[in-house]
Amino acid sequence: MAIIIPNLNWYIPISEQKGVQPRCPFASVKTCPRFYQSLALLGEAGSTQIDPEEDKELLNYWRKSDLLPTTREYATSISGSPGESHIFSNFCPEVTFDRFGYFASFLSRYADRIDFGIALKRLNKEEASTNDWRWSWAAVSEMHYTVCPLYSILKHRSDINKAMEAKSDKDPWYKKPLGQIIIALISGLILYLLTKLL
């Protein structure tokens, strides 16, 4: 079985084949809760942390949405012994690529030095390429952003918003919110003047 190396050489052709952006258009802490959670958790695993005040604001922002998972099975998480993060689960593939070099939703380190040693012997025997994830990880589940569970929801909502904006642009001025306010003000002024005259 061929090992998939989920790097840019794997990722970009999938994007091209699907006719989508090379990287996820929702990869931002304010547009995707999984991106936010992944980035925030990496701060606990030794990467640069999000500023505590900004993290608090972002967490409150996402708690108000319906996009945060309601069960732990679907939540982004890191597990392992204190100070040693071994398993990264339900991660944003954009974040794992930026941090580890692989587009993956799940990464698991070797359980111990014995397992790692056995893997190194096997990889040397196979003459595995230097970018093979098995040099560092026991398991990796590759993921393209288009198969992320949140992508479909975010894309659908984005498409609806774009359609509503396009429709709004086609409406005459008097059907737009500002136009409605102007009409109401003029109507109110006319009624006021009529009552003064009568």
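In case you missed it, the structure is sitting above this.
In this report, we go over the structure that sits alongside the text. What you see is a predicted model; the values in this text were computed from it and never measured.

The subject of this paragraph is the layout of surface pockets. Its boundaries defined by the atoms lining it, the largest pocket holds a volume of some 330 Å³. Around the largest pocket, the lining comprises 16 residues; the ones closest to its centre are Tyr36, Ala40, Leu41, Glu44 and Asp55. The biggest single contributor to the lining of the largest pocket is helix α2 (residues 33–44), with six residues. Of the residues belonging to the lining of the largest pocket, the class tally is nine nonpolar, five polar and two charged.

Tracing the sequence through the fold places Tyr74 in the loop between α3 (52–63) and β1 (77–79). Distance from Tyr74 to Pro149, taken between C-alpha atoms, is 9.8 Å for residues 75 residues apart in sequence. When near neighbours in sequence (up to four residues on either side) are disregarded, Tyr74 contacts Arg34, Pro69 and Asn90.

With that settled, consider the nonpolar core. By size, the foremost hydrophobic cluster in this structure holds 36 residues, and its most contacted members are Tyr36, Phe88, Leu107 and Trp137. Among the secondary structure elements, those contributing two or more residues to this core are α1 (8–18), α2, α3, α4 (93–100), β3 (104–108) and α6 (149–170). Ranked by the residues each element gives to this core, the list is headed by α2, at five residues. With sequence-adjacent residues up to four places away left out, Trp137 is seen in contact with His86, Phe88, Phe100, Tyr102, Leu107, Ser108, Arg109 and Tyr110.

Turning our attention to unusual backbone geometry. Unusually for a residue other than glycine, Asn90 sits at a positive phi of about 55°. By the element assignment, Asn90 lies in the loop between β2 (87–89) and α4. Positive phi outside glycine occurs at Glu127, with the angle close to 55°. Relative to the elements of secondary structure, Glu127 occurs in the loop between α5 (113–126) and β4 (139–142). Owing to a relative accessible area of 69%, Glu127 belongs among the exposed residues under this scheme.

Cut-off values and rules
- Residues numbered from 1 in each chain as written.
- Predicted model: local features only at pLDDT ≥ 70, side-chain atom pairs only at ≥ 80, totals over all residues.
- Heavy atoms only, no water.
- 1 Å grid on protein atoms, 1.4 Å probe; cavity = no way out; pocket = protein on both sides within 12 Å on 5 of 7 lines; lining within 4 Å.
- Points joined across faces, edges and corners; volume = space filled by probe spheres on them.
- Helix = DSSP H or I, 4+ residues; strand = E, 2+ residues; numbered from the N terminus.
- Nonpolar A, V, L, I, M, F, W, Y, C, P; charged D, E, K, R; others polar.
- Contact = heavy atoms within 4.5 Å.
- Core = buried A, V, L, I, M, F, W, Y, C linked by side-chain atoms within 4.5 Å.
- Buried < 20%, exposed > 50% of the residue type's maximum accessible area, 1.4 Å probe, protein only.

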